[in-house]
Every structure is written in structure tokens, then in C-alpha cells.
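Architecture at a glance
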Amino acid sequence: MLSVNNIVKQYAAHRALDDVSLTVEQGKIFGLLGPNGAGKTSLIRIITQITAPDSGEVIFNGQRLNSNHISRIGYLPEERGLYKKMEIGEQVLYLARLKGLSMAEATKRVKYWFEKLEMGSWWNKKVEDLSKGMQQKVQFVVTVLHQPELIILDEPFSGFDPVNAEIIKNEILELNRQGATFIFSTHRMESVEELCDSIALIHRSRKILDGAVEDIKEQYRNNTYWVEYEGDYNTELPSGIFDILYKDIKRGKTTLKVQLKEGQTSNQLLSVLLPVVNIQRLDEVIPTMNDIFIDKVKTKD
Amino acid sequence: MNKILLIIQREYLSRVKKKSFIVMTLTTPMIIAGFYGMMIYFSLQGIKGSSNKIAVVNNNKTLTEKLISSKNATYTYVNKSLPQMKAELAKTGYDYVLYLPGFSLDAPSGIQLLGTKQAGMSLNSRVADDIGNAIRNQKLKQSGLAQKDLDNLKSSVDIDIKKIGETGKEEDSSAGASTIIAYAGGILMFLFILMYGIQVMRGVIEEKTNRIIEVMISSVKPFQLMMGKIIGIALVGLTQFILWIVLTGIISTAVLKIYAGKTGITETSVSAALQQQNKDKMIKEATDKSPVGNIQKSLANLDLTKIITLFLFFFLGGYLFYSALYAAIGSAVDSETETQQFMFPVMMPLLLGYTLSLSVVTNDPYGNIAFWLSVIPFTSPIAMMVRLPYGVPDWQLALSMVLLILGFIGTVWVASRIYRVGILMYGKKTSLKEMIKWFTYKN
């Protein structure tokens, strides 16, 4: 759907993007991650054609990115804004028509969305009279109204209360089911885990990690387990197949974090533990995106 | 194109619907009409005459020439002594007593103007002038001139200026009229650019302060946004101006009717008084050389349709061109406070064009300076207006018009480029190299 090839973007004294390449597949939700100032926004601005790269190219549906693609992309910038003095209904219609919708079509869709997100009574209100969360909702509608094939959301959940965040999340998933591709730039790793199919991690202007979320997690599995059992902490544990990374004993319960040695499996762990202790829990420690993020960024520093 | 129209529509409607616009548009004509009403009032006061009746006590045997009465001062010679008049002044119905003692005509002194009220400055100088004139006339008569010679001294010189056309046919010149048009056009343009150029600039900053710039730029090209904004806001200016003229006309007529009805003064006398005043003003403001009749005559001589069409073209062209310059300022800055320093440099060329047009171009309408001034877009709107009535070759006219249009579009383009670079720098210094790169960037 979208491939970014060897993009370089240089500002006066600062290289914002250094030979960044990535591919976003049709119908997927793609997470663009990275610490502040990594170059995410610069990359998004290149995809939305607000700026142009110094070198490299962006291919959209097999064509080199050009101005005809503008109406097929929806962009929710991190820096939110609407015309403060303008009435909501009028404003959304205007922005939709700028994207190329006819008046009739725009009206129909705005009505649909306003009803769907329970914004019907806002039509004649001015933006400055709305709360921040309400403005965010309006902005989300503006972004998706023209049914773009590619929707780019920069920190879409900031400013939303949990209820509205859930509503927006569901809308994103529904649009995705209907075929829209998403690029999702965020710091909130839990939403990445919930939503994203694949990610790219940008740090210091370079891409340092990319791939499907499942694959990356798989890659970062290191045969570590949480074990919880009842019994005396003095109980001698059979050693040899694992190392204990962490141990905690509370109210007669022992919690262990163990890393299995090369070639060992959880079943083998169970088989050595079962004769000695009363096992209550055994979990594989799967690294969260948060852990991976921090780990990658720190090791690069 | 369609997007530009949409932007024009929004920029126009969102401004015209504003309360401040409606209030301004409605109240200004009232204020103007109010001034107009005051003018009527005062000029009527002038007609009815706050006339002063002055009793003249003449003790001067050498000054036989009588003081000539005027609207503001009527002189009546009385055969009473000064102390008598002083005592009886209130009863006699005179406002003042003018006492002329025996002085030599070469050194008039000791003259007194007495009244229950103190005479004002204007009456004082009026009387002094009248006495001076009387003395002058008497001296002239003493040197042998008759009354009819005195009357003959006043003469009005009126030169008919004609241009010889290519065919050798005489054409009436219209230099006076053109100067008036140029003056009026220049002032109008100044007003417009000052009032609405700044609005264009503010409008361009609007997207930045509302932080909607990224959404806009990811929907439309900066050029479309700029063009739409400039034209939209320019139309707001024109709307307001036309409404002002129409409303002022309506309100003034109404005020005139009411006033005339109340005071029993016929409308014609009021308007005659006003006309007189307007004419006086026009002459003062415009050329003090051309008498009124000549101006009207030369106005009539111009090919009015052509003049008006070209006038409108250059007016709109200049207005749009300068609006685009203001837009360029707006796109270079982040907030309105930063704009102040740029205001004057933008007004400079207009000012220069204005002064040069009215001095150099009127003196030498076919010279090199006149040519360049009327071709370069910064000054052409005014300079061409001045040159037009002298006759401008078609190719120069065409060149000037094309350059003005190109200048406008070019400025909008430059403004949109600055805008684009301006947004993206986010506090980073905009280097010249980066600017050039942006200017040459092709989509």
C-alpha cells in the first residue's frame, strides 16, 4: 500500500530522517513508534506531502506519491486545531469539501458521523465553546470523513477520557475492517499492543526495528517464566535447567522469575518442580512493547 | 480552482457574518451621515447669517470711501457720537459700534470695535479687511483711477489646454480631471490597503494561531489557500465599502429630508449650500489652479467608459497586489505582534508611487520616469491612473496590465512558498538555501 524508500530529510543543523525505509501493508494498522524528537512527525509530514524529502521516495499504491493522493489520505496531526470562531457543522462540511466531496455527499456523511458519535447537538456550536475532548472528536470526524484509504493518526487518544478513547478505538477498528489502512504514531504502548499489526521503531532519525508485532514479541521471548507456588521457601529446588532471576516470598507464597537454560521447555520446568512444590501459577514472560521499546532505545543510547 | 472558490466562499462568509463586521458596516455610515448633518447645519447657519449689524461712527474726514457690507458684517453709518452710541447700543439693535477716529490713510490707528459681546477673531479680521480695502480703494482713486477701473482690475484667466492627436485633430485635455481622479484613486487605495491589507495579513496568520495549518496544507496547496484568502478578504473590503457608500447615501438623504421638513428650508437651498461647500472643498483638495467649471468640462471630455474600466482594473489590481504583499508578511511570521516592523516597508512603494505620480508624472506624463512608474506593479496602479487621461499608447497599457496581473500572481506564489517554508521550520532558522530549495521544489 505504502512504501517509504530511503528517505533522508535534513533541516539546517539537524538530520530528522536518515535513510529510513518501511512498508505499510494494505488493510493493516501500522504503529510508528519512537521517543520524542525521533523523526516520526517529519516522516508523517512527508507522507502527507506537507514537506518533501531531500532524497528517497514514497510509493503509494504503486505510484510515486503525488498531489492526486492527497484526497486519499486522512491525517490527524498531533497539533490539533480547528477554526475557533466557526460553527462545527459548517466547518466540518468545509473541510470535507476541500477534500473533494460534493456538498450533498459531505452533508450526508457529516450527518452520519455526527449521529454515530452522538455529536448531533453540536452542529451550530462554535469550536471555542467545546471541551478539548469534544474538539478531538470533531477532528477525528474531519480526518475520516472523506473515506481515505490511508489514515494517519498522530497520538489519536491524547485528550480523550477512557470512555471516548474506547469509542474512537472501536471506530478505528471498524474502519480498518472496512479496508482502511492506518498509520498510528504514538507513545502509548498499550494501544500499540491492542491495535497494531506491525510497527517500526524510529530512534535518532533512524529506523532501529520493524516487523509484525507478534514476530517482534516472539523474537524478544527469552524463555523466562513466572512461577508461583505454595510452600516453604527453604524447599530445595532442583537446579540445573534454570536460573533464578528474581525471588519473592510473601505469606507462605513464593514467586519466582526463572530463565530456562538453552533447549529447555516449560514442560521440563514443570516436571522438575511438581514433585517438590505445590504449583499455583506458571506464566511465560512475554515482553511487552513497552519493554522492547525501552530496551531498544536504551541499548542504542 | 474549485478549492480556491471554496476558500473564497468561507473567507468571505465567515467575515461578513461576524458581528463586528455588521456593526462596523452599519455604524460607520451613521457617523458619516452625522458629520454630513453637522455640515448641513453649520452651512445653513452660515446662510441665515450669524450676521453682525455694525454701526459705524466715522470721525475720519479723509476716509470717504464707504465700508462694503458683506454676509457676516453689515455696516450702517450713523450720525451719532461714540459716547452716545455706547450708551444706546443695547436699544438701537446694533451688535457692535465701529469707531473710526481721524487718522492718516498711511497709518490707520485708534480704530475701535465695541460691543456687548466681544467680537470674535473672524469678525475682527473681517472688519479689518473691509477697512483695509476701503483705504486701498480710496488711495487708488486718489491716484486717478475711476470706480470702473477698480472693477476692471479683477480678472479671471482661463486657459484651454488642447492636445493635438495623431491625425492633427485637437483633443481637449483633461489634466485637471486626471489629477483629481489620481488623487481620489490614490487616497482610496491607501485607505483600502491600510484597512483591508492588514485584514488579509491577519487572515493568513489565522491558520497558524488556530493550529489548523497542517490539516489545511494536507488538503489544499498553499497557493490555493493564499489566493482564496486574498480574494475572499478583498471581497469583504469591497462589500463593506460599497455598503458604506450606499448606506451613507440613504441615511444622508433621509436626514436631509427630515431636517428640511423641520426647518422649512427648501431642500434645494440646502443642497445648493452643500454643493457650494463641496465644490470649494474639491478645489482646495484637488487642483487649486483649475476652476470648477473647467474640471467638469474636462471630466466630460474623457472617454468615461474606458477611464472607469481602466480605473477599476488598476484599482482592483493594485488592491490585490498589495494585499498579496501583506499576505506574504503574514506567512513569514507566527503572530501578529511580529508584523508591525514589516508594515512600513510595504507601504513605502505605494507612498513613493503616489508622490512621484503627482509630481513627476503630472509634469512630464510621457517621460521615462512616468513610463517606468506606470509599468512596475508597485507603482503602476496610481501612476497609470495619472497618465491615462494624457493618453497612453496601447502597448504600454497592455504591458502595465499584464505586469500587474503577473505581479499579483507572482506575489501570491511567493507568499505561499514563504508560508510553506514558514510552517515547517518550527522555530528553526529559515536558511536562504532552504528557501531556495523550497522555491524550486516541484510537486
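Residues numbered from 1 in each chain as written. Chains lettered and ligands numbered in written order. Predicted model: local features only at pLDDT ≥ 70, side-chain atom pairs only at ≥ 80, totals over all residues. Heavy atoms only, no water.

**Regarding the overall build of chain A**
In terms of regular secondary structure, chain A is built from nine helices and 14 strands. Here the C-alpha coordinates of chain A stretch approximately 75 × 45 × 35 Å along the principal axes. Within chain A, the fraction of its 301 residues that count as buried is 50%. Relative to all contacts within chain A whose residues are 6 or more apart in sequence, the contacts with residues 24 or more apart total 68%. By element, 45% of the accessible surface of chain A is carried by carbon and sulfur atoms, the whole surface being about 14,000 Å². Placing the 38 positive and 41 negative side-chain charges of chain A at their respective mean positions leaves the two points 5 Å apart. (Helix = DSSP H or I, 4+ residues; strand = E, 2+ residues; numbered from the N terminus. Buried < 20%, exposed > 50% of the residue type's maximum accessible area, 1.4 Å probe, protein only. Contact = heavy atoms within 4.5 Å. Areas by Shrake-Rupley, 256 points an atom, 1.4 Å probe, with all protein chains shown as cover. Lys, Arg positive; Asp, Glu negative; His and termini not counted. Charge placed at Lys NZ, Arg CZ, Asp CG, Glu CD.)

**Quick notes on the interface of chain A and chain B**
Many structure descriptions define interface size as the accessible area lost when the parts assemble. Listed per partner, the contact involves 31 residues of chain A and 30 residues of chain B. Together, the buried faces of chain A and chain B total about 3,000 Å²; carbon and sulfur atoms form 56% of this surface. Three residues stand out in chain A for area buried against chain B, namely A:Glu79, A:Tyr83 and A:Leu98, and they jointly supply 24% of the buried area on that side. Joining chain A to chain B, the criterion identifies two salt bridges. (Buried area = accessible area lost by both parts, 1.4 Å probe. Salt bridge = Lys/Arg side-chain N within 4 Å of Asp/Glu carboxyl O.)

**Brief notes about the UniProt feature "transmembrane region" (unreviewed entry) in chain B**
All names here are of chain B. UniProt's feature table lists "transmembrane region" (unreviewed entry) at residues 21-44, 180-200, 241-260, 307-329, 341-362, 369-390 and 396-419, given in the numbering used throughout. Structurally, residues 369-390 is divided into 59% helix and 0% strand, and its ends, taken at the C-alpha atoms, are 15 Å apart. The span residues 396-419 carries 100% helix and 0% strand; its end-to-end C-alpha distance comes to 34 Å. (UniProt positions renumbered as here; feature names shortened; annotations may be inferred.)

**A closer look at the domain arrangement of chain A**
Per the domain assignment, the segments making up chain A are domain 1 (2-218) and domain 2 (222-285). Distance from the C-alpha centre of domain 1 of chain A to the C-alpha centre of domain 2 of chain A: 45 Å. (Domains from an automatic or database assignment.)

**Structural notes on the confidence of the model for chain A**
Do not read the predicted coordinates in detail wherever pLDDT is low. Considering every residue of chain A, the mean pLDDT works out to 87; 98% of them sit at 70 or more. The weakest mean pLDDT in chain A belongs to strand E12 (residues 242-250) of chain A at 83; the strongest belongs to strand E7 (residues 150-154) of chain A at 93. (pLDDT = per-residue confidence, 0-100.)

**With respect to the packing of helix H7 (residues 213-220) of chain A against helix H9 (residues 289-300) of chain A**
Residues and elements named next belong to chain A. Here H7 crosses H9 at 70 degrees, and the two axes come no closer than 10 Å. Between H7 and H9, the crossing angle belongs to the class labelled roughly perpendicular. Judged by the twist between their axes, the crossing of H7 over H9 is left-handed. Facing H7, whose interface residues are Val213, Ile216, Lys217 and Tyr220, H9 presents Met289, Ile292, Asp295 and Lys296. (Axes fitted to C-alpha atoms, helices over the stretch in contact; angles between N-to-C directions. Parallel < 35°, antiparallel > 145°, perpendicular 65-115°, else oblique. Left-handed = near helix turned anticlockwise from the far one by under 90°.)

**Remarks on the sheet that holds strand E2 (residues 14-24) of chain A**
Residue and element names in this part refer to chain A. Across the sheet, which stays open at both edges, the four strands sit in the order E2-E1-E4-E5 with antiparallel pairing between neighbours. Two strands close off the open sheet at either side, each with one partner strand: E2 and strand E5 (63-64). Sheet analysis places strand E4 (residues 55-60) next to E5, joined by two bridges and oriented antiparallel. Paired with Ile59 across the strands is Arg64, a residue of E5. (Pairing = 2+ DSSP bridges.)

**So, unusual backbone geometry**
Residues and elements named next belong to chain A. Even without glycine at this site, Asn6 takes up a positive phi of about 50 degrees. Examined against the element boundaries, Asn6 turns out to sit in strand E1 (residues 2-11). Accessibility expressed as a relative area gives 41% for Asn6, which makes it partly exposed. Even without being glycine, Asn223 reaches a positive phi, approximately 60 degrees. When you line up the elements, Asn223 lands in the loop between H7 and strand E11 (224-230).

**So, the sheet that holds strand E14 (residues 278-284) of chain A**
Whether parallel or antiparallel, the strands of a sheet pair through hydrogen bonds between backbone atoms. All names here are of chain A. The strand order across the open sheet formed by four strands is E12-E13-E11-E14, and the pairing between neighbours is antiparallel. Since the sheet does not close on itself, it has two edges, and those belong to E12 and E14, each with one partner. Direction aside, the axes of adjacent strands within the sheet are offset by 20 degrees on average. Where helix H8 (residues 266-273) meets the sheet, it contacts E11, E12, strand E13 (253-260) and E14, and its direction lies at approximately 165 degrees from that of E14.

**A few points about the packing of helix H11 (residues 304-332) of chain B against helix H12 (residues 340-363) of chain B**
All names here are of chain B. The contact between H11 and H12 brings their axes to 10 Å, and the two run at 160 degrees. Classified by the angle their axes make, H11 and H12 are roughly antiparallel. Handedness of the H11/H12 crossing: right-handed. Facing Tyr322, Leu325, Tyr326 and Ile329 of H11, the residues of H12 in contact are Phe342, Met343, Val346, Met347, Pro349 and Leu350. Among the residues forming the contact of H11 with H12, the class breakdown is ten nonpolar, no polar and no charged. (Nonpolar A, V, L, I, M, F, W, Y, C, P; charged D, E, K, R; others polar.)

**Structural notes on the packing of aromatic side chains**
Within this structure, the stated rule accounts for 17 aromatic pairs over all chains. Here A:Trp226 and A:Tyr246 contribute two aromatic rings whose centre-to-centre distance is 5.9 Å and whose plane-to-plane angle is 85 degrees, an arrangement assigned as edge-to-face. Taken together, the residues A:Trp226 in strand E11 and A:Tyr246 in strand E12 connect sequence positions 20 residues apart. Aromatic rings pair up to connect B:Phe192, B:Tyr196, B:Phe241, B:Phe311, B:Phe315 and B:Tyr319 into one cluster. Geometry around A:Trp123 places A:Lys111 over its ring, the cationic atom sitting 5.9 Å from the centre. (Phe/Tyr/Trp six-rings, centres within 6.5 Å; stacked < 30°, edge-to-face > 60°. Lys NZ or Arg CZ within 6 Å of the ring centre and 35° of its normal.)

**So, the confidence of the model for chain B**
Residue and element names in this part refer to chain B. Per-residue confidence for chain B gives a mean pLDDT of 78; residues scoring 70 or more make up 78%. Every residue in residues 282-293 scores below 50 in pLDDT, and together they form ten contacts with partners more than four places removed in sequence or on other chains. Reported for the predicted complex are a pTM of 0.72 and an ipTM of 0.78.

**Regarding helix H2 (residues 88-98) of chain A**
Counted residue by residue, H2(A) has nine buried out of eleven residues, so it is predominantly covered. Three or more residues of H2(A) are buried, namely A:Ile88, A:Gly89, A:Gln91, A:Val92, A:Leu93, A:Tyr94, A:Leu95, A:Ala96 and A:Leu98. Summarising the contacts, the buried residues of H2(A) are in contact with helix H3 (103-116) and helix H4 (132-144) of chain A together with helix H1 (2-16) and helix H7 (213-217) of chain B. One or two steps after H2(A), the chain reaches A:Gly100, where phi turns positive at roughly 105 degrees.

**Overview of the pattern of salt bridges**
A side chain of one charge can pair with a side chain of the opposite charge if their charged atoms are brought near each other. All names here are of chain A. The tally for this structure, following the rule as stated, stands at 32 salt bridges over all chains. Across the pair Arg221 and Glu284 runs a salt bridge, and its minimum N-O distance is 2.4 Å. Highlighted residues: Arg221 in the loop between H7 and E11 and Glu284 in strand E14, separated in sequence by 63 residues. Overall, the relative accessible area of 35% leaves Arg221 in the partly exposed class. A relative accessible area of 25% places Glu284 in the partly exposed class.

**Thoughts on a nonpolar patch on the surface**
On the surface, B:Ile31, B:Phe35, B:Met38, B:Tyr41 and B:Phe42 cluster together to form a nonpolar patch covering roughly 550 Å² of accessible area. The residue B:Tyr41 is located in helix H2 (residues 19-48) in this model. (Patch = residues over 30% accessible without salt bridge, like charges linked within 9 Å, V, L, I, M, F, W, Y side chains within 5 Å.)

**As for the side chain of B:Lys229**
All names here are of chain B. Mapping Lys229 onto the fold places it in helix H8 (residues 222-263). Here Glu11 takes part through its side chain, which lies 2.9 Å from a polar atom of the side chain of Lys229. Only 3.2 Å separates the side chain of Lys229 from the side chain of Glu206, close enough to count as a polar contact. Here Lys229 is in contact with Ile7, Arg10, Glu11, Gly203, Val204, Glu206 and Glu207, once residues within four sequence places are set aside. (Polar contact = N/O pair within 3.5 Å; in protein donor to acceptor, adjacent residues only side chain to side chain.)

**Focus: the environment of A:Asn222**
Residues and elements named next belong to chain A. Along the chain, Asn222 turns up in the loop between H7 and E11. Given a relative accessible area of 40%, Asn222 falls into the partly exposed group. Taking the C-alpha atoms as reference points, Asn222 and Lys261, 39 residues apart in sequence, are found 9.6 Å from one another. Side chain to side chain, Asn222 and Thr224 meet in a polar contact 2.8 Å long.

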